[in-house]
Amino acid sequence: MSNLAVGFHNRLLQELECPVCMEYMMPPIMLCNNGHNLCCNCRVTLDKCPICRGPFLKVRNVSLENIATETLYPCKNTLRGCTKLLTKNLIRPHADECTFDNHKCPFAKISNTGCNWRGTLDTVRRHVEANHKGSCVQRVSRKFKTVLHNVSCSQRYYQAIITMDELFYVSWRVQSGVFYCAVFYIGPKKGANNFRYRFSISTKDGDTYSASSLTHSYYENVNDVFRHGKCVMLDYSAVQRSCSENKDLPFRMEISVV
Ligand SMILES: [Zn+2]
Ligand SMILES: [Zn+2]
Ligand SMILES: [Zn+2]
Ligand SMILES: [Zn+2]
């Protein structure tokens, strides 16, 4: 865009900002008696125009609505360097995979570990490998065996797993007699559907319990995943029967491409 066009486009975007919530207005755009515009969400919460205190009209600003649907909007990560300009219906799908998006460290996000790091998705793995070394980060082949130590109702467990050159984050917890296990894929949102995980345990009397699920997106809220039972769930009594004397739980896990 030429400087003139950029100036005009910025002016247009300003004009499309709702004076109350500062969001870009989408149809229906409401008008007051003196021609001020307001988004419909804010309109229902007010009985007078916030700018001139005049009454609202029952008409909509159709020409501004037409402009609003066709204008190109900047990505929310403009200040971080994303230069994408997209129509309103394409901006959300883009936001889900914008590589300039800022993410919390998975250890802080999923396990409440105190880590203040934030960065783009492609730098999460480098950060995890450099700053969370030790037993919490494991490089494994597709199938692996490991142990959760001292399994109890109050404990929450987490681990970063690097396999197939991808980074995953595993979270376990026990709640109301159910043992939950969820594997999060740390990458673009859609990528989570490309992987599946299987969690298996064997009790001391030889029964095997196994369950599997697609991996969850790093964008999903971990508590929602557990609350809605979207992950692997096993009866805690089966888990207890699989634990050793000192409450350690050996298990097998497999992460595979769907
Ligand atoms: Zn508004
Ligand atoms: Zn007004
Ligand atoms: Zn973007
Ligand atoms: Zn961190």
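Since the structure is predicted, the reported quantities are computational estimates derived from the model, not experimental observations.

Criteria and cut-off values
- Residues numbered from 1 in each chain as written.
- Chains lettered and ligands numbered in written order.
- Predicted model: local features only at pLDDT ≥ 70, side-chain atom pairs only at ≥ 80, totals over all residues.
- Heavy atoms only, no water.
- Helix = DSSP H or I, 4+ residues; strand = E, 2+ residues; numbered from the N terminus.
- Buried < 20%, exposed > 50% of the residue type's maximum accessible area, 1.4 Å probe, protein only.
- Areas by Shrake-Rupley, 256 points an atom, 1.4 Å probe, with all protein chains shown as cover.
- Lys, Arg positive; Asp, Glu negative; His and termini not counted.
- Charge placed at Lys NZ, Arg CZ, Asp CG, Glu CD.
- Domains from an automatic or database assignment.
- Donors = N, O, S within 2.8 Å, 3.2 Å for Na, K, Ca; no water.
- Core = buried A, V, L, I, M, F, W, Y, C linked by side-chain atoms within 4.5 Å.
- Contact = heavy atoms within 4.5 Å.
- Tetrahedral: all angles 85-135°; square planar, octahedral: opposite > 155°, others 65-115°.
- Pairing = 2+ DSSP bridges.
- Axes fitted to C-alpha atoms, helices over the stretch in contact; angles between N-to-C directions.

(A) Spatial organisation of the overall build of the protein. A count of helical and extended segments in the protein gives eight helices and 17 strands. Counting every position in the protein, which comprises 258 residues, the buried fraction comes to 42%. Within the structure as shown, the protein displays about 14,400 Å² of accessible surface, and the carbon and sulfur contribution to it stands at 50%. Of the charged side chains in the protein, 33 are positive and 21 negative, and the gap between their average positions amounts to 2 Å.

(B) Summary view of the domain arrangement of the protein. Each assigned domain of the protein is listed here: domain 1 (3-71) and domain 2 (132-257). Relative placement of domain 1 and domain 2: their C-alpha centres are 49 Å apart.

(C) Expanded view of the environment of Leu85. Tracing the sequence through the fold places Leu85 in strand S5 (residues 85-86). With a relative accessible area of 32%, Leu85 lands in the partly exposed category. Taking the C-alpha atoms as reference points, Leu85 and Ser200, separated by 115 residues in sequence, lie 47 Å from one another.

(D) Fine view of the coordination of the zinc ion (ligand 4). Coordination of the zinc ion (ligand 4) by the protein is provided by Cys105 (SG), Cys115 (SG), His127 (NE2) and His132 (NE2), with metal-donor distances spanning 2.0 to 2.2 Å. Positions of the donor residues of the zinc ion (ligand 4) along the chain correspond to the pattern C-x9-C-x11-H-x4-H. Highlighted residues: Cys115 in the loop between helix H5 (106-111) and strand S7 (118-119) and His127 in helix H6 (residues 121-131), separated in sequence by twelve residues. Considered together, Cys115 and His127 belong to a single accessibility category, that of buried residues.

(E) Molecular detail of the nonpolar core. In terms of nonpolar packing, the biggest core is built from 51 residues, with Trp172, Phe179, Tyr197, Phe199, Val239, Leu249 and Met253 touching the most fellow members. Among the elements that line this core, the one with the most residues is strand S12 (residues 178-185), at seven residues. In this view, Met253 contacts Arg142, Lys143, Phe144, Val170, Trp172, Cys181, Val183, Tyr197, Arg198 and Phe199; residues no more than four positions away in its chain are not counted.

(F) Focus on the coordination of the zinc ion (ligand 3). At 2.1 to 2.3 Å from the zinc ion (ligand 3) lie its protein donor atoms, namely Cys75 (SG), Cys82 (SG), His94 (NE2) and Cys98 (SG). Coordination at the zinc ion (ligand 3) is tetrahedral: its four donor atoms span angles of 103 to 114 degrees at the metal. Donor residues for the zinc ion (ligand 3), ordered by position in the chain, follow C-x6-C-x11-H-x3-C. Taken individually, Cys75 and Cys82 each receive the classification buried, so the pair is uniform in this respect.

(G) Structural context of the pairing of strand S9 (residues 143-148). Where burial is concerned, the two faces of S9 differ: the one with Phe144, Thr146 and Leu148 is buried and the one with Lys143, Lys145 and Val147 is not. Examined bridge by bridge, S9 and strand S17 (residues 249-257) share six bridges and lie antiparallel to one another. Note that in S17 the partner of Phe144 across the bridge is Met253.

(H) Spotlight on the sheet that holds strand S13 (residues 195-202). If you trace the four strands from one edge of the open sheet to the other, you get S9-S17-S13-S14, paired in antiparallel fashion. Among the strands making up the open sheet, the edge pair consists of S9 and strand S14 (208-214). On average, adjacent strands in this sheet sit at an angle of 25 degrees to one another, irrespective of strand direction. Pairing between S13 and S17: six bridges, direction antiparallel. Bridging from a neighbouring strand, Arg198 pairs with Glu254 of S17.

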